[in-house]
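Report on the structure
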Amino acid sequence: MNKLRTLLTITLVLLLFLSKAENGYNLWLRYTKVENQVLLKTYQDATLNIVILDNSETSMVIKNELYLGLRSLLSTEPEIANTINDQTSLIIATLNSLPENIKANITIEDKTLGDEGYFIFTNQSENKKSIIITGNNDKGLLYGTFKFLSYLQQNQSIEDINFTSIPKIKHRLLNHWDNLDRTVERGYAGFSIFDWHKLPDYVDPRYVDYARANASIGINGTVVTNVNSNALILTPQYIKKLVTLANTFRPYGIKVYLTARFSAPVEIGGLKTADPTNNEVQNWWNNKAKEIYKLIPDFGGFLVKANSEGQPGPQDYKRTHAEGANMLADAVAPFGGIVMWRAFVYSHEAPDDRAKQAYSEFKPLDGKFRANVIIQVKNGAIDFQPREPFHPLFGATPKTPLMMEFQITQEYTGCATHLFYQAPLYKEVLNADTYAKGQGSTVAKIIDGSLHNNNISGIAGVANIGNDINWTGHPFAQANWYAFGRLAWNHELTAEEIAEEWLKMTFTNDKDFINAAKQIMINSRENLVNYMTPLGLHHIMARNHHYGPGPWVDGGRADWTSLYYHQANDDGIGFNRSSTGSNAISQYFPEVQDLYKNIKTCPENSLLWFHHVSWDKKLASGNSLWDKLCYKYYEGVDSVISAQKQWNKLEKYIDKERFDHVSSLLKIQVNEALWWRYACVLYFQQFSKQPIPKELEKPKFSLEHYKNIEHRFVPGIKNE
Ligand code: GCW
């Protein structure tokens, strides 16, 4: 308790110090003074009397956050007490501890709020109005408090506030692809924030701010190690280090999880095998789970990448993914833990289209997993591309819960230099209709468990967080962390609503700024698709680091080359996944097949994903495929240039530091979009053998020039 208090004080001091400079450290929790604050107008007193009727560690966190928030937002010192009196204007208490006279005014069934939901309302008793934040337990109070603060931050009216919120998805997790040496796979914001070397004794105050940020958007779990995992994390020395993180995050409602290396019983356990059907192996995992839970009673469980890209797994012993997952599930089940088993499996030795392999592997295993296993599926069947049709596994396993894996970090989407707001991408996938149980069977309903009545549900985002002062490298990349959390809590929110909230809390409430910046964010997704991979193209990035264009990438493993994916030749371009090709389309329900199967009616934005199309083919929009491809690449660049112009008009609204930072990155983005456009158009022109439409600007350099651009030491991979 005392340790935590000291830590919170240090954080407060650090925050006050750091908040002087607008370096982005405070994320969306800037709490700058809001003029004409409606709260003060409503309550008309300079002092805010707050009562928190709870005594848990989480209540202490709530107290600190309120103090920090209100003090800066309203420039007034709130008084925080333990008993209600005539002056009390805000009461934070669980339903159980609320005074009877207030409880009597609550019509909502308390149990409908679940473990994490909250209810904020205005209570009128004896001429006195007060705001009540309540829930079944202190986690709900914490989320409710952050919501309340966000109302003030956005200067929204809280007059007669009446707001209930319950998360739609149970496990809302960040996945850190962070290594124990602090490098971050596909990380573009510096090194890992987890300083294993100094743990368990040094508690970086940043851990607290990380927890605050996550709690403020409802994230309730974090997998702190890379899915390409190191068995070392399961040794007593490292488990002890993990205890510190678990203790620090617990008051914020955040559980820690680990990635489990399947071969750990051999690597650190001294066994000869990791075969999941071997008793000694099962015992080893059972004991490992016991050891962890003894120190971390609320440990979340394991995330596993097995038999994928060289990772060990049950198939090394001719066992199925279900046998592997169940062994781990049995180990953590007595303690309430879960196993998140990834479906990201494909093999270059398999002759089949990579897009089909996960479905082929997992669909037959439906119903064979323990109740505490959830299969984690990437949003699309290849790999976090700027646009992919939804993964065909969604809806295909009615007896097995599936969780979503989105990538927040920008591996294929410009690393940390491109302004790319991902909520439109997330929403496109969540809203996609799988037709698993007829119309309206959206991906969202599958992952929230409602379509198939699963009792476990989850969503994960591969974090874009590092130790850069602003956490995410690009100031706008913070919005992707924020949007992920908000959608994990409520997938019905729109990309626009989320952008607006984030902009207000991160920059300013000025309407002109919000409208312009929101437009830049919303457009950024389609712009990026257009200058990188229009019309359904995918995976044509440079080799290995995936930074910049590489449509020419060939040699080595076929399914890691661009030629495999774009299939450009003299006849045309695109991957034929229809019934005359790999027939990947057959993995979807009939209505979805109908949407994509016909080259004439397939939506243009997914055309080359499903079809090999001749260069001269007339598209619905009237252009030939070749011309359309060129127009799209040019349109992408033009829109980034206009985003840049829009941004440059916003200088007067915000601080110079962040304005300049974004401006410089937009310069890089414009240049890189041009690089993408010319490299791709010139490369594909070799096959189309047609001129670039004459009204479009001619490339300044030859294809050779673009092919020779080489980037060394790109972050996010093991560089040599
Ligand atoms: O997207 C690919 C990445 C790998 C990553 C893998 C995965 C962690 O290029 O770096 O490994 O996916 O998701 O397992």
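Rules used in this analysis
Residues numbered from 1 in each chain as written. Predicted model: local features only at pLDDT ≥ 70, side-chain atom pairs only at ≥ 80, totals over all residues. Heavy atoms only, no water. 1 Å grid on protein atoms, 1.4 Å probe; cavity = no way out; pocket = protein on both sides within 12 Å on 5 of 7 lines; lining within 4 Å. Points joined across faces, edges and corners; volume = space filled by probe spheres on them. Helix = DSSP H or I, 4+ residues; strand = E, 2+ residues; numbered from the N terminus. Nonpolar A, V, L, I, M, F, W, Y, C, P; charged D, E, K, R; others polar. Pairing = 2+ DSSP bridges. Axes fitted to C-alpha atoms, helices over the stretch in contact; angles between N-to-C directions. Contact = heavy atoms within 4.5 Å. Near = heavy atom within 4 Å. Polar contact = N/O pair within 3.5 Å; in protein donor to acceptor, adjacent residues only side chain to side chain. Areas by Shrake-Rupley, 256 points an atom, 1.4 Å probe, with all protein chains shown as cover. Core = buried A, V, L, I, M, F, W, Y, C linked by side-chain atoms within 4.5 Å. Buried < 20%, exposed > 50% of the residue type's maximum accessible area, 1.4 Å probe, protein only. Right-handed = clockwise from strand over helix to strand, strands pointing away.

Now for the layout of surface pockets. Considering only enclosed or pocket space, the second largest pocket measures out at about 570 Å³ in volume. Taken together, 25 residues line the second largest pocket, and the ones lying closest to its centre are Asp115, Glu116, Lys170, Asn220 and Lys255. Mapped by element, the contributors of at least two residues to the lining of the second largest pocket are strand S7 (171-175) and strand S9 (255-259). Across the lining of the second largest pocket, the residue classes break down as seven nonpolar, eight polar and ten charged.

A word on the sheet that holds strand S8 (residues 221-223). Here we have eight strands rolled up into a closed barrel, ordered S7-S8-S9-S10-S11-S12-S13-S14, and parallel in their pairing. Here the average twist between neighbouring strands, direction ignored, is 25 degrees. By the bridge criterion, four bridges tie strand S11 (residues 338-342) to strand S12 (residues 373-378) in an arrangement that is parallel. Within S12, the position partnered with Trp341 by the bridge is Ile375. Of the strands in this sheet, S7, strand S13 (402-407) and strand S14 (458-462) touch helix H14 (residues 478-489), which is tilted by about 160 degrees from S7.

The next subject is the site of the ligand. In the vicinity of the ligand, 15 residues are found, and the nearest of them are Glu185, Lys305, Lys378, Asp383 and Glu411. A distance of 2.9 Å separates an oxygen atom of the ligand from a polar atom in the side chain of Arg186. For the ligand, the accessible surface in isolation is 340 Å², of which the surrounding protein chains cover 97%.

Grouped together as the largest cluster of nonpolar side chains are 227 residues, with contacts concentrated most on Trp285, Phe302, Trp341, Trp481 and Phe684. Counting ten residues, the second-largest nonpolar core is a separate cluster that includes Ala93, Ile106, Phe121 and Ile132.

Extensive coverage of S7 is indicated by the burial of five of its five residues. Here S7 pairs with S8 via three bridges, running parallel. Paired with Leu174 across the bridge in S8 is Thr222. Handedness of the crossover is the feature at issue here: the chain leaves S7, passes through helix H6 (residues 205-216), returns alongside S8, and the resulting connection is right-handed.

So, to be careful, I would describe these as geometric facts and stop short of saying anything about function.
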